[in-house]
Amino acid sequence: MAVIGLHSGSGVWDSVMEMTKLGQQRNIDPFVWAVQVSSSLNSSGLTLPSVELAHRLVSHICWTNNVPITWKFLDKALTVQLVPPLLVLALLSKRVIPGRHIHPAAFRLYMELLKRYAFSSTYEMRGINYEKVMKSIDEALLLSQSFGIQASESGLLVVLFVFFTVWQLLDATLDDEGLLELTPDKKSRWPTGIQDGEIEDLERFHEKRIEKHEGMHKTNMLMAIEVIGKFLQDKVTAKILYLARRNLPSDWALFIQRLQLLAVKSSALRNSKYITPETLVRLTLDTSIVLPRECKTSLRQEFHAVMAFGSLIPSVRQSHGVSRSALWIPIDLFLEDAMDGLIVTATSAVDTLTDLVKSLQAVNGTTWQDTFLGLYIAVLRLVQRERDPSEGPVPRLDTCLCMLLSITTLVVLSIIREEECALNENSDCSSTNQRKDNKVLGNRRSELVSSLQLLGEFEVLLTPPLSVTSVANQAAAKAIMFLSGINIGNGFLDSMNMNDMPVNCSGNMRHLIVEACITRNLLDTSAYKWPGYVNLRRNQIPHSVTGQVPGWSSLMKGAPFTPPMVHALVSTPASSLIEVEKVYEMAVNGSDEEKLYAATVLCGASLVRGWNVQDHVVLFITKLLSPPRPVDYSGSDSHLITYGPFLNVVLVEISTIDVVQIFSLHGLVPHLAAALMPICEVFGSYSPKISWASTMEQEINSHTVFSNAFTLLLMLWRFDHPPIEHVMGGVPPVASQLTPEYLLAVRNSQLASDANSQYQNQNRRLSNLLNPTCAEPIFMDCFPKLKRWYRQHQACIASALSGLDQGNPVHQVVDGLLNMLFKKINNRANQSISSGTGSGSSSEDASLRLQLPAWDILDAVPFVLDAALTACAHYKLSPRELATGLKDLADFLPASLASILSYFSAEVSRGIWKPASMNGTDWPSPAANLSTVEQEIKELLAATGIDVPSLDTARSSTPTLPLPLAALLSLTITYKLDKDSERYLNLAGRAVIMLSAGCPWPCMPIVASLWAQKVKRWSDFLVFSASRTVFHHNNDAVVQLLRCCFSSVLGLNPSPRVSSGGVGALLGHGFGSHLSGGISAVAPGIFYLRIYPFIRDPMFMAEEILSLLMVSVRDIASSGLPREGLEKLKKSKYNNYGLRFGQASMAASMTRVKLVASLGASLVWITGGINLVQVLMRQMLPAWFISQHKVEGGGDGGKEGHKVAMLGGYVLAYFVVFCGAFAWGVDAITGPPSSGTTAKRAKVLGKHLKFMAMALDGKISLGCDLGTWQAYVSGFVSLMVGCTPAWIADVDVSVLKRLSIGLRQWNEEELALGLLGAGGIKAVGAASGMVVGNWL
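This structure is a prediction, so every number in the text was calculated from the model and none was measured. (Residues numbered from 1 in each chain as written. Predicted model: local features only at pLDDT ≥ 70, side-chain atom pairs only at ≥ 80, totals over all residues. Heavy atoms only, no water.)

Glancing now at the overall build of the protein. Within the protein, the regular secondary structure consists of 63 helices and 6 strands. Looking at the 1336 residues of the protein, the share that counts as buried comes to 59%. Considering only intrachain contacts with a sequence separation of at least 6, the fraction spanning at least 24 residues in the protein is 79%. Element-wise, carbon and sulfur atoms account for 52% of the exposed surface of the protein, whose accessible area totals about 52,800 Å². (Helix = DSSP H or I, 4+ residues; strand = E, 2+ residues; numbered from the N terminus. Buried < 20%, exposed > 50% of the residue type's maximum accessible area, 1.4 Å probe, protein only. Contact = heavy atoms within 4.5 Å. Areas by Shrake-Rupley, 256 points an atom, 1.4 Å probe, with all protein chains shown as cover.)

Another aspect to go through is the packing of aromatic side chains. For the coordinates displayed, the defined rule picks out 40 aromatic pairs. Seen in terms of ring centroids, W252 and F255 are 5.1 Å apart; in terms of plane orientation they differ by 45 degrees. Their pairing is tilted. One end of the pair, W252, and the other, F255, are both in helix α13 (residues 249–265), 3 residues apart, so they sit about a helical turn from each other. Judged by its relative accessible area of 9%, W252 falls in the buried class. Of the residues examined, F255 reaches a relative accessible area of 0% and is grouped as buried. Geometrically, the ring pair formed by F334 and W1165 is stacked, given 6.2 Å between the ring centres and 20 degrees between the ring planes. Taken together, the residues F334 in helix α18 (residues 329–338) and W1165 in helix α56 (residues 1141–1186) connect sequence positions 831 residues apart. (Phe/Tyr/Trp six-rings, centres within 6.5 Å; stacked < 30°, edge-to-face > 60°.)

Moving on, we come to the packing of helix α35 (residues 702–714) against helix α47 (residues 979–997). The geometry of α35 relative to α47 is characterised by a closest axis approach of 10 Å and an angle of 35 degrees between their N-to-C directions. The handedness of the crossing between α35 and α47 is left-handed. When α35 is examined against α47, the residues S707, N708, T711 and L714 are found in contact with a partner set consisting of R983, Y984, L987 and R990. Looking at side-chain class alone, the contact of α35 with α47 contains 3 nonpolar, 3 polar and 2 charged residues. (Axes fitted to C-alpha atoms, helices over the stretch in contact; angles between N-to-C directions. Left-handed = near helix turned anticlockwise from the far one by under 90°. Nonpolar A, V, L, I, M, F, W, Y, C, P; charged D, E, K, R; others polar.)

Attention now goes to the pattern of salt bridges. Any two side chains of opposite charge can pair, on the condition that their charged atoms come close. Under the definition given, this model contains 27 salt bridges. When the shortest N-O distance is used, the salt bridge between K358 and E418 registers 2.7 Å. Within this pair, whereas K358 is found in helix α19 (residues 349–364), its partner E418 is found in helix α21 (residues 397–423), the two being separated by 60 residues in sequence. Among the residues examined, K358 registers a relative accessible area of 9% and is labelled buried. Note on E418: relative accessible area 32%, which makes it partly exposed. Here the salt bridges share partners, and the residues they tie into one network are E336, R385, E386, R396 and R1090. (Salt bridge = Lys/Arg side-chain N within 4 Å of Asp/Glu carboxyl O.)

Moving on, we get to the environment of D524. Within the secondary structure layout, D524 lies in the loop between α25 (509–519) and α26 (552–556). Taking relative accessible area as the criterion, D524 reaches 37% and is therefore assigned partly exposed. Of the polar contacts made by the side chain of D524, one reaches the side chain of S526; its length is 2.3 Å. (Polar contact = N/O pair within 3.5 Å; in protein donor to acceptor, adjacent residues only side chain to side chain.)

Look at helix α48 (residues 1003–1014) against helix α49 (residues 1019–1028): their axes get within 9 Å of each other, and the N-to-C directions meet at 170 degrees. When the interaxial angle is binned, α48 and α49 end up roughly antiparallel. Every residue of α49 that contacts α48 at M1004, P1005, A1008, W1011 and A1012 is listed here: S1019, L1022, S1025 and A1026. Classifying every residue of the contact of α48 with α49 by side-chain character gives 7 nonpolar, 2 polar and no charged. (Parallel < 35°, antiparallel > 145°, perpendicular 65-115°, else oblique.)

So, on to unusual backbone geometry. With omega at -5 degrees, the peptide bond leading from L48 into P49 counts as cis. If you trace the backbone, P49 turns up in the loop between α2 (30–43) and α3 (51–61). Looking along the chain, the bond that leaves W1001 and enters P1002 is cis, with omega of 10 degrees. Inspection of the secondary structure puts P1002 in the loop between α47 and α48. In this structure, Q81 takes a positive phi of about 65 degrees despite not being glycine. Classification of Q81 as exposed rests on a relative accessible area of 54%.

Here the focus is the state of the cysteines. If you walk through the whole model with that rule in mind, you get 0 disulfides. Cysteine C1003 remains unbridged, with the sulfur of C999 as its closest cysteine sulfur at 4.7 Å. We classify C1003 as buried; its relative accessible area is 5%. (Disulfide = S-S within 2.5 Å.)

Turning our eyes to something else, we now look at the side chain of T656. Residue position: T656 is located in the loop between α32 (644–653) and α33 (657–665). A distance of 2.7 Å separates a polar atom in the side chain of T656 from a polar atom in the side chain of D658.

To continue, consider the environment of T463. Within the secondary structure, T463 is located in the loop between α23 (459–462) and α24 (469–483). Separated by 44 residues in the primary sequence, T463 and G507 have C-alpha atoms spaced 8.5 Å apart. The contacts of T463, once residues within four sequence positions are left out, are Q384, R387 and M509. Polar side-chain contacts of T463 include one of 3.4 Å to the backbone oxygen of V460.

Functional significance is not addressed by these values, which are geometric in nature.
In structure tokens, the structure reads:
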């Protein structure tokens, strides 16, 4: 073996080795030898302990001088610190373990030295040779190379060395017992066998010599197992190995696999007196850092002890209505918010809900069985809230079912696929359906099965809505027929009628959930055999099917489209992807008639209720809107113009609110917008002379296609938000961030995401299914005419219209429109409405001139509206004539509704128009029911717990509206409630609601009153909508509502309706159920989710939520544990744990603290998104801690005051972690790399931790209670270490070191180690240094 680093002359070492050989021959006392060697080295000026001496002594012993005296010399050299112990152990392991069969005595001596020096205070290496020693160990054992790490820090090398040592010893033991063959590699990663140079030594061994040492071999195996156990249990090495586990996960997994093999298979282990197989198994499963028993109990231990205790006493949790379902309140709130038909999102609900579920599972520390069960219960609650909805213009049931049976299934698929892709790293994990062939299945899949089996116990939630009862029955019938051996291929069920159904095939929502999971290969048909899944009686099974209707089975057999077949296909969703692909192929390559039929079929039931294929259907429809240029197309114009009728069919069918919401839930809004923009650009550039006689018995022209595409495009971004929605507090509302540029940016980002992103699967699917040309980046500059209109829209919001320049061609269009719309007025004597150019063209000439492209007309519309509104204000035009003219304009070019909404919204904000008197003569009067509407609003608010005295403000006898709002309202009332007008009325109605909300009270009640007169069945919906605007004008009402949310979820509200607390009290059973004598109360959570878009200052909301958290803590602390809860605890089996009743009360309090924290975090995240969460951590919380806060509810500030202070810190810890988890997720990467989410997270979190470190250093003076601060810091860091370690890995290591030092000053060494351990490889050195007492 080569000796490294011989900086001194070889004469010194020759002298030392001669001294050693002479002492060996004379068998001198090892101490005398050590004194002589020490004297010689000191006289030569060499530093001790000596790296060179360690190399020479080990080389001397192995193996030519393997005699007892040389081992004694080595031992004495270690004792008097002539050589570094770790280096000696490293050098010996490389020689002794491979030669243990030849030299069993040496192996035993090595383990004795290991026991003596590997666990001693020698780890505290403060000597000047420390780095040189660790570098020598690295070079000798090739640690950096073996673990694939550039280990430059000595502390990191310590971790690698300890991990290597115990792993090598483990492999040697497995090899000795013949168990190494059972490992996947069937060999050791480390040198454990005989080296080539020692084969001759082995051959010189005689049989008798082997038999002589056989007993020693067995003893060595027992001793090796003992040493392994000691490495895992020792307070120092256990923590070193903890660092290896946190930062070398793949290596640790292999190590644990071998350790578990030893625990299960080792015969030597079963004979060991020092450690049992059960103990070793426990050590392999233990993921905590175990402090020695004598360590002082810290705040963090108390925090975790209380939380662990809380999980053991369900009777205590339920005593306040805080059941296990309350853990998933954030999911309930997200689902309910996602169902708001007035809001679309640019991101997929699958992605958002997946991150949310994973975050809650991590922070709540639940099993995946409980997590899946909680998810499904939350979505079923959503569906049940729609069983008896109040009728209104926004249907929700289909979107709720989409969330349950499509989105949720895809979420579960994503979570399970994530685990199984990790288990099958070499498999192709990009497919949508996870195939189970030849793949390792994860535990999450089996936990899904368990959760769905338990779901059958929730019969009330499983009752299907009436409209899907037949579908649920078919799902149950399918299971019965399968178990009866009847072939149930595609098309079987859609050809059945109810008379063919088995008698006992009453289906429920679980049957539909299971079918969705089977379709996605999450389950197989063995689910049909679950106990109680179906009731099977053979004499009730039909053996034939009567009256087959041509449906999907006929189509798959090649039958052509016929009107009856198309009707059947539109009414019945496809059951498989192959059926959808068949229709899509016909829509692309069929005849013109087949294309129209196929497009109609795709946009039918398969889109709305084809839950098992819905994600594919929305992608195919999006692709249909971007048809490729035909190969034989030779025209100079855009090829899109030849697809007019086809595109119009698709546009009309997907323009309803519920369908738009389905696209939104599946994350297709950015891609749908990108597909619509070219259609708008092209068809808006052609005159209506280009028309088509559709085979669908409808004549259409370029204006028709443009208007349908343009209206749908406007529904995808917050076009309807009035300009009065100014941003306050520096944080924009979530919904207001949707703009055309933003949608295109999201779309481009999704398609260009890095292949290594966790979003790789979704984005690759999008890229493959969309046209290759559509995968290219798209920007607003690609659509100059659309961009020009958008800039005009923005200019209209920013300032009043300026006059047109003379000679501007828009003049002629304006005059033509005015002549066409108000020709009767212009025919009156001395009255005309014009743009001021004096062209005076006749209406007939105007009609001819208006055969113009839509973009040219839209350019003129704002000036037409300005002229008309001015004429009305000066009594040249009556309100009725104005409304009629506006409706004529909207009928002439439906897309002009966009400019109408834009102009009137801007004019309302300017406040320059005189109010319109809603007296029934000039403008429609709300007097018939206005007082009733206002009274119902007051009653509705009072029933929810909101008292708003300002609603009694006196006003004039005749209600008024701003003139532009009155005109817009009059226009919307002229629309018919039919399918053709639905999409335009929805767009206008959404804008009227948002605009009225910003106007002075009682503008919104007036709007509601007039619409209630038109559509009486919408009365309750309109009253609820009007009541929401109260919160736009009254911040005190917002605070009251927030307080109701917190008190209701805790069950502290005096109302019997919410006394039980939990999800039911927060969200109720939906809006629409009635009590005798009028409308019932609306649950506070539902109210909040419908009013937060009207609140202009999210910062105000976050501050109030933070304040209410502390109020809730005082309520929790003062409420304690009820008497009946204590009585139950006395009698329960959990009392056997020796827990005091005070602990039970503390556990119940902590559970409820966690509940309100999750509620507060959910409201902050939903209200302001990631921006508000970041402001909360950067600014609001530091300011809160610095400001003065009195501890209330603690009386004299004694024991109860301490409890309030401590609970306050814990609620803030949970609150911040929940906020961060919802905004960022808990994974290493929570968004596409281009989004910068990870960088933002690291920056914001780093600043917050730096603030904490500075406060711990005493550099920042805090105004809050010390107990609150300590509980917050310990709780927050504990939750990060245990639940969100990926966050810590993003933070700069210097910040982690500073915070760790502060934690150690609080005696929180375990927590400090956990923080550094989660900091990644860059922090391992510092963590190791802390463990061994050598801060680097």
